Structure formats: C-alpha cells, structure tokens
Amino acid sequence: MGPGDAVQMTGRAREALSVSDVIFGYRTYLKLLREEFPGKELRESGMMKEVERCRDAIRTAVSGRKVALVSSGDAGVYGMAGLVLELLRDRKGGEGEIDLEIVPGVSAAQAAASLLGAPLMNDYALISLSDLLTPWETIVRRLHGAGAGDFVVVLINPRSRSRREQIVEAKRILLEYREGKTPVGIVRSALRGESGVVLTDLDRMLDHEIDMLTTVIVGNSETIRFGDVMVTKRGYGKDKNVKTKNEK
Ligand code: SAH
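Below, the structure is looked at part by part. Remember, it's a predicted structure, so these values are computed and weren't measured experimentally. (Residues numbered from 1 in each chain as written. Predicted model: local features only at pLDDT ≥ 70, side-chain atom pairs only at ≥ 80, totals over all residues. Heavy atoms only, no water.)

## A few points about the site of the ligand
Contacts to the ligand come from 19 residues, most closely from Val-77, Ser-107, Met-212, Thr-214 and Thr-215. One nitrogen or oxygen atom from the main chain of Ser-72 is found 2.8 Å from a nitrogen atom belonging to the ligand. In this structure, a nitrogen atom belonging to the ligand sits 2.8 Å away from a main-chain N or O atom of Ala-190. For the shell around the ligand, the per-class residue count stands at 10 nonpolar, seven polar and two charged. Domain assignment of the residues forming the shell around the ligand places at least three in each of domain 1 (6-89) and domain 2 (108-232). (Near = heavy atom within 4 Å. Polar contact = N/O pair within 3.5 Å; in protein donor to acceptor, adjacent residues only side chain to side chain. Nonpolar A, V, L, I, M, F, W, Y, C, P; charged D, E, K, R; others polar. Domains from an automatic or database assignment.)

In structure tokens:
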C-alpha cells in the first residue's frame, strides 16, 4: 500500500484493493485505508500475529472470496509476501487453488529518501535492527559488512520501546568506518500525514527522536549535504578527460 498517504499508492494496488471483498492487515495500516475503501470488510490484527493473519487470508481466498492482504510499503520488503508464499507451499494439496498476485509498492527507504534529497543514488544496504526474527550477531555482521563496503545504510525498525540499544550499537559500528560528520537523515512517517524530517550527522544522530515509525539513512563517503538536502554523488561530475590507466 506504499508508505501511507493515499496518493502514494500505485494504480495497480488501488485496483486490487477496489476489486477485493475483504482486506486483511495490521491495525495501523487498515486505519489508513478505511476512508479510501468504504464498504470493504476489514479484518484487522495486531503486531506479531502475522502467521495467523496470512493463514486466515489464505483460508478466506480458498473459500472463494477476493482477498487483499496489505503490507505497508512494498509487500516483498519485510512484508507479508514471503510468508504467504511459504504457507502456500506448505499446504497439503487438494484444498483448492488460489490465484496470487504480488503488487509492488513504494518502500519506506524510497519514501524517506525522496524527502531527504537523493541519498540512495548509489549502492545501499537496507538493514533492519529488529532482532525478533534475525539474531543480533547476524545484524552486527551485516552492519560491519555495509560499513566496510562503503554502502549507504538504510536502517529500519531502528528502535522500539523495549529495544533501545541497537541503534546506539549501529552508530558505534558505522563510526568505525566513516567520519562523524557523515550526513544522516532521519525521517518519521514519510509520506504519511505530517512527515518529520531531520538532517544531521553520524556524531549527533542520537540527539533526535528515533522510533518504530522512523527510517534512518546514513550516508557513505560520497554523501554530501547542502542546504536542506543530502545527496550521494554518483560520479557524474567527474572530469571525463582524466583517463584511468585501463582507458589509455
Ligand atoms: N514493507 C515495508 C517495511 C516494513 S518494516 C516497506 O517496504 O516499507 C517497518 C519499518 O519500516 C518501520 O519500523 C520503519 O522503520 C519503516 N517504515 C515503514 N513505513 C515508514 C514511513 N512511512 N516512514 C518512515 N519509516 C517507515
């Protein structure tokens, strides 16, 4: 369903929702859809109820109704698409076929980037700091990899009420590889009502509010800040007359 605001939804997502009989999703997201799609049966469920929600959606589809199962952003990026496919694979055959379409959407990383300028102009790594499903040691290894590889780093699920320290550790690790003045963008509720946008740097990023509605983008060695934007340079401005050894 994209980042939140109705206008940010793709045409295909809107079509799919309009023709569906029932819409399944996390409570917070269905609230955003209620006004846009009046008359639809909405089946809300809470956080951590993902498996149940997907099973329910599949069961309802098998019964012959048209079902939409929504994720925020893109359904295949930390969304429900993978789980639905796994559950469908695991079903013991003969219980009725369903047609499945995975509809892509504007992800949090793209939404946040658009409000910050153009920080994702070159290679980037998207890392979720939630260790609910991924062991923390794995996340740490990936932070080091992204730091060493000079990737721009997009951090999602950065900090919750019970998970306070992961973002502190992520900052510490990235500081092993980049300077404290590296531009950092912090975007809360991107393209969802009133977005909060902060431009700061790696040294000072923790002075700002960071929570589960926030995406944090840490620049790489090529990211610059001017005015109120951050841009990762892609190399367009380089002098083409200076030939590298191989081109001579
Ligand atoms: N499928 C989603 C990601 C779900 S993970 C997508 O493609 O965007 C949820 C995390 O994404 C949140 O904790 C937050 O870090 C980030 N996020 C989702 N929507 C956001 C938004 N509108 N603004 C900023 N961050 C967002």
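The rest of the description comes next.
## Focus on the pattern of salt bridges
Opposite charge on two side chains lets them pair, provided their charged atoms get close. One pass over the full model with this rule turns up 14 salt bridges. Put simply, Arg-12, Glu-15 and Glu-101 are held in one network by salt bridges that share partners. (Salt bridge = Lys/Arg side-chain N within 4 Å of Asp/Glu carboxyl O.)

## As for a nonpolar patch on the surface
Taken together, the side chains of Met-47, Met-48, Leu-132 and Leu-133 present a nonpolar region at the surface, about 520 Å² in accessible area. Take Leu-133: it is sitting in the loop between β5 (124-128) and α6 (136-148). Leu-133 gets classed as exposed once you look at its relative accessible area, which sits at 84%. (Patch = residues over 30% accessible without salt bridge, like charges linked within 9 Å, V, L, I, M, F, W, Y side chains within 5 Å. Areas by Shrake-Rupley, 256 points an atom, 1.4 Å probe, with all protein chains shown as cover. Helix = DSSP H or I, 4+ residues; strand = E, 2+ residues; numbered from the N terminus. Buried < 20%, exposed > 50% of the residue type's maximum accessible area, 1.4 Å probe, protein only.)

## Some thoughts on the sheet that holds strand β7 (residues 183-188)
What the five strands build is an open sheet, ordered β5-β6-β9-β7-β8; its pairing is mixed. Where the open sheet ends on each side, the last strands, each with one partner, are β5 and β8 (196-201). Here the average twist between neighbouring strands, direction ignored, is 15 degrees. Strands in contact with helix α5 (residues 108-116) are β5, β6 (152-156), β7, β8 and β9 (214-218); relative to β9, the strand with the most contacts, it is inclined by about 65 degrees. Contacting β5 and β6, α6 runs over the sheet at an angle of about 160 degrees to β5. (Pairing = 2+ DSSP bridges. Axes fitted to C-alpha atoms, helices over the stretch in contact; angles between N-to-C directions. Contact = heavy atoms within 4.5 Å.)

## Examining the layout of surface pockets
Size it by volume and the second largest pocket reaches roughly 860 Å³. Secondary-structure elements contributing two or more residues to the lining of the second largest pocket are α1 (11-19), α3 (50-62), β3 (67-69) and α4 (81-90). The leading source of residues in the lining of the second largest pocket is α1, at five residues. (1 Å grid on protein atoms, 1.4 Å probe; cavity = no way out; pocket = protein on both sides within 12 Å on 5 of 7 lines; lining within 4 Å. Points joined across faces, edges and corners; volume = space filled by probe spheres on them.)

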